[in-house]
Amino acid sequence: MSLNINGKHLISGQWVGGADLFSSTPASGPSREFACGTVADVDAAVQAAEEAFWSYGWSDRAERARFLRLIAEEIDARGADITEIGTQESGLPAGRLEGERGRTVGQLRIFADHIEAGAYLDLRHDPALPERAPLPRPDLRLIQRPLGPVAVFGASNFPLAFSVAGGDTAAALAAGCPVVVKGHSAHPGTGEIVAQAIAAAIERAGLHPGVFALVQGGSREVGSSLVQHPLIRAVGFTGSLAGGRALFDLCAQRAEPIPFFGELGSVNPMFLLPAATQARGTAIGTGWAASLTMGAGQFCTNPGVAVVRDGPDADTFVDAAQEALAAVAAQTMLTDGIAQAYRDGVGRVTADTRVQQVLGTSCEDRSAAPYLYSVSGADWLENASLQEEVFGPLGIVVRVADQAEMFAIAKAIEGQLTCTIHMDPEDQETARALMPMIERKAGRILANGFPTGVEVCDSMVHGGPYPASTNFGATSVGTLSIRRFLRPVCYQDIPTALLPESV
């Protein structure tokens, strides 16, 4: 099959090339050339998005819901092409890409249902009280309204679910905000085919072509110009702590600062309580190994740290994890850069001579194999770098002396996407004391499970205190994510004919 890839940007409904090109670096298959984005491309895309906002921002919920469902249809229609190019570019297996495509179209359809129901608007109405003494009250209505054009940065580890038509894009479009996506250079072909699907949906829905744009590749200057463009009203980002913090700072330094919704980094610690460790240490260790190595450990919810009371039961847990990890073969990582960052992370951990290696492997080129380390609770508390995320299948067991040291670690950890408690009924009192500590640190708290896998639903929170994310009051997964791109507006004595459709 010959893939229909033109290597261009999608701007205002047109496929736009450029003089400078970059070559993709697929895990397999042919390399392809793509136009490098420029500051001028960004400006054209944002200007078109602003023009589209005057109609799309005032479209009704039914119209936007139909648009989201059309995007899902068009992505599914290109499913075979997406799987073909996606496996080549990312090295992910076909089953993983097909599952991720299902998640991507599923969330588009869930968001469509959600906005049609209308509860997300948080409508409030205080009718006029003209006879009230000593002062009358005007008629007041509150409704959540779209912000305007939104910038979205594609993620490296999810070519579909967190990229061109992923959660940030779906949420912004559902809210009524046009979107300009800065495509990720790790999977430009996958991004282009998804953009083709969105373009087809725009045409079928009869919308302004500026409602969506894809700008490929380009230098850091291109990304910086996007977040600093005066017409961009918010930014959605999934990526590294360093890259996200740099963009966050740029958003804050603008003449008119804007919200930056960045999902950055997390080690997602697990706390193993004594009764559970004694009764199920082997099962927990085996399950941890499976979660730790899922997708070569390239999940933002990868549980990289396990905190356990030192002793024979901890030995059983560690032995089970080591045995399971040793049986996992090296896996292809998403990019050469991610593979090198993984090796650098291994080096950072082993630089502390107090850290003991339980399982050592070797990683070459674009592959990653598991590593397992052990450190005392006291030594972990003294080395802040052990809290830094290692993006890959690396686990650290923190062996604490007692409950007090476990609690000290719970208080010392930075913001996390998730925290997990492994507990049996006999551990309930300890778990009750631990809960307030980890609740302050995480957006999602689990009992007796593993955090890899994030359900797209009404109740999900995928976010947390910094550095897990830059806005702990928001989520980048689930229907609540739509609220990031809305702002409350109060209408006082406005005639009904002038109000938005939803009021």
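Throughout this description, residue numbers start from 1 for each chain and increase along the sequence as written. The model is predicted, so local features are restricted to residues of pLDDT at least 70 and side-chain atom pairs to those at 80 or more, both for listing and for counting; the totals for chains, interfaces and linings are taken over all residues. The side-chain figures draw on all heavy atoms in the structure; neither hydrogens nor water molecules are used.

So, the overall build of the chain: which residues are in play, and what are the values?
Under the scheme used here, helices are H or I runs from DSSP no shorter than 4 residues and strands are E runs no shorter than 2 residues, and both carry numbers assigned from the N terminus. When helices and strands are counted, the chain shows 14 helices and 21 strands. Here the globule rule is a power law, 2.2 Å times the number of residues to the power 0.38, and the radius of gyration is based on C-alpha atoms. At 24 Å, the chain has a C-alpha radius of gyration in line with the 23 Å of a compact globule built from 503 residues. Overall, the chain is about 70 × 70 × 40 Å in size when its C-alpha atoms are taken along their principal axes. The buried label goes to any residue with under 20% of its type's maximum accessible area, the exposed label to any with over 50%, and the partly exposed label to all in between, with areas taken from a 1.4 Å probe on protein chains only. Counting the 503 residues in the chain, one finds 57% classified as buried. The contact rule is simple, with two residues in contact once any of their heavy atoms fall within 4.5 Å. For the chain, the proportion of contacts with a sequence separation of at least 24, taken over those separated by at least 6, is 77%. Only the protein chains shown count as cover for residues, and the accessible areas themselves come from Shrake-Rupley with a 1.4 Å probe. Summed over its atoms, the accessible surface of the chain is roughly 19,700 Å², and 52% of this surface lies on carbon and sulfur atoms. When charges are tallied, Lys and Arg are placed among the positive residues and Asp and Glu among the negative ones, while His and the ends of the chain are skipped. The atom standing in for a charge is NZ when the residue is Lys, CZ when it is Arg, CG when it is Asp and CD when it is Glu. Positive and negative charge centroids in the chain, built from 37 and 55 side chains respectively, lie 5 Å apart.

Kindly report on the nonpolar core, identifying the contributing residues and their values.
The term nonpolar core refers to a set of buried residues drawn from Ala, Val, Leu, Ile, Met, Phe, Trp, Tyr and Cys, joined through side-chain atoms within 4.5 Å. Ranked by size, the top nonpolar core spans 111 residues in total, and within it Phe 67 and Phe 212 carry the most contacts. If one sorts the elements of this core by residue count, helix α6 (residues 188-205) sits on top with eight residues. Ignoring anything within four residues of it in the chain, the contact list for Phe 67 reads Tyr 56, Leu 173, Ile 198, Ala 201, Ile 202, Ala 205, Leu 207 and Val 211. Formed by 22 residues, the second largest nonpolar core is a distinct cluster that contains Ala 151, Ala 213, Val 227 and Leu 247.

Just give me the short version of the pairing of strand β11 (residues 260-263), but keep the residues and values in it.
Neither face of β11 is open: one carries Phe 260 and Gly 262, the other Phe 261 and Glu 263, and all of them are buried. The pairing of strand β10 (residues 234-238) with β11 spans four bridges and is classified as parallel. What sits directly across from Phe 237, in β11, is Gly 262. For the handedness criterion, the β-α-β arrangement of β10, helix α8 (residues 241-253) and β11 is classed as right-handed. Between any two strands, at least two bridges found by DSSP are needed for them to pair. Crossovers are described as right-handed under a simple rule: with the strands pointing away from the observer, the path leading from the first strand over the helix to the second runs clockwise.

Requested: an account of the environment of Gly 395, with residues and values cited.
Its location among the elements puts Gly 395 in strand β18 (residues 394-400). Classification of Gly 395 by relative accessible area gives buried; the value is 0%. The spacing of Gly 395 and Leu 372 is 23 residues in sequence and 4.9 Å in space, taken between C-alpha atoms. Once you skip the residues sitting within four places of it in the chain, Gly 395 turns out to touch Trp 288, Leu 292, Gly 304, Tyr 371, Leu 372 and Tyr 373.

Describe the sheet that holds strand β13 (residues 305-309), with residues and values.
Strand order across the open sheet formed by seven strands is β15-β17-β18-β13-β12-β19-β20, with mixed pairing between neighbours. Sheet topology places β15 (356-359) and β20 (442-447) at the edges, where each strand pairs with a single neighbour. Each neighbouring strand pair of the sheet contributes to a mean axis angle of 20°, computed without reference to strand direction. Here five bridges tie strand β19 (residues 416-422) to β20, and the two strands are oriented parallel to one another. Paired with Thr 420 across the two strands is Leu 446, which belongs to β20. Inter-axis angles, ranging from 0 to 180 degrees, are taken between N-to-C directions of lines fitted to C-alpha atoms, where helices are fitted over the stretch in contact. Helix α11 (residues 336-350) rests against β17 (371-376) and β18 of the sheet, and its axis sits at about 25° to β17.

Now, about the packing of helix α3 (residues 79-90) against helix α4 (residues 94-117): what can you tell me, with residues and values included?
Their axes nearest at 9 Å, the elements α3 and α4 cross at an angle of 125°. With respect to α4, the axis of α3 lies oblique. For the element pair α3 and α4, the recorded crossing hand is right-handed. For the pair formed by α3 and α4, the contact residues are Gly 79, Ile 82, Thr 83, Gly 86, Thr 87 and Ser 90 on the first element and Ala 94, Leu 97, Glu 98 and Arg 101 on the second. Basically, the charged four are Asp, Glu, Lys and Arg, the nonpolar ten are Ala, Val, Leu, Ile, Met, Phe, Trp, Tyr, Cys and Pro, and anything else, Gly included, counts as polar. Among the residues forming the contact of α3 with α4, the class breakdown is three nonpolar, five polar and two charged. Convention used here: angles under 35 degrees read as roughly parallel, angles over 145 as roughly antiparallel, angles from 65 to 115 as roughly perpendicular, and any remaining angle as oblique. Handedness of a helix crossing follows the sense of rotation of the near helix relative to the far helix, less than a right angle counterclockwise being left-handed and clockwise being right-handed.

I'd like to hear about the layout of surface pockets, residue by residue, with values.
Residues are said to line a cavity or pocket when one of their atoms sits within 4 Å of a point; the points come from a 1 Å grid over protein atoms alone, cavities being sets where a 1.4 Å probe fits but cannot get out and pockets being open sets with protein on both sides within 12 Å along at least five of seven lines. Grid points are joined across faces, edges and corners, and a volume is the space filled by probe spheres set on the points. Quantified by volume, the largest pocket comes out at close to 1,400 Å³. At the level of elements, α7 (220-228), β10, α8 and α11 are the ones that each hand at least two residues to the lining of the largest pocket. Classifying every residue of the lining of the largest pocket by side-chain character gives 17 nonpolar, 23 polar and seven charged. For the second largest pocket, the calculated volume is near 180 Å³. Taken together, Arg 96, Gly 99, Glu 100, Arg 103, Phe 158, Phe 162, Phe 299, Cys 300, Thr 301, Gly 453, Val 454 and His 462 make up the lining of the second largest pocket. Of the residues assigned to the lining of the second largest pocket, the class counts are five nonpolar, four polar and three charged.

Mind laying out unusual backbone geometry, listing which residues take part and the relevant values?
Look at the link from Ala 133 to Pro 134: it is a cis peptide, with omega at 10°. Note on placement: Pro 134 falls in the loop between β5 (124-126) and β6 (140-146). Across the junction of Tyr 466 and Pro 467, the peptide omega takes the value 10°, indicating a cis bond. Its place among the elements puts Pro 467 in the loop between β20 and β21 (486-492).

An account of the packing of aromatic side chains is requested, with residue identities and associated values reported.
Planes of paired rings set the category: under 30 degrees apart is stacked, over 60 is edge-to-face and the rest tilted, where pairs are Phe, Tyr or Trp rings (Trp by its six-membered ring) whose centres lie within 6.5 Å. Overall, the coordinates contain 12 aromatic pairs when judged by the stated rule. By way of ring pairs, the aromatic residues Phe 153, Phe 237, Phe 248 and Phe 260 are connected into one cluster. When the NZ atom of lysine or the CZ atom of arginine is within 6 Å of a ring's centre and also within 35 degrees of its normal, the charge is said to sit over that ring. The ring of Phe 158 has Arg 96 sitting right over it, with the charged end atom 4.8 Å from the ring centre.

Can you tell me about the side chain of Ser 266, naming the residues and giving the values?
Topologically, Ser 266 is positioned in the loop between β11 and β12 (270-272). Polar contacts involving the side chain of Ser 266 include one to the side chain of Asn 268, which spans 2.8 Å. A distance of 2.8 Å separates a polar atom in the side chain of Ser 266 from a polar atom in the side chain of Gln 416. Residues in contact with Ser 266, not counting those within four places in the same chain, are Cys 300, Asn 302, Glu 389, Gln 416, Leu 417 and Thr 418. In the analysis that follows, any N or O atom pair within 3.5 Å is treated as a polar contact, provided that within protein one partner can donate a hydrogen and the other can accept it, and provided that, for residues neighboring in sequence, both atoms belong to side chains.

I'd like to hear about empty space enclosed by the protein, residue by residue, with values.
Under the defined criterion, the tally for this structure stands at four cavities of 30 Å³ or more. The space that makes up the largest cavity amounts to roughly 120 Å³. Together, 17 residues line the largest cavity, and Val 267, Gly 304, Glu 389, Val 390 and Leu 394 are the ones closest to its centre. Counted as a void, the second largest cavity has a volume near 90 Å³. Grouping the constituent residues of the lining of the second largest cavity by class yields two nonpolar, eight polar and two charged.

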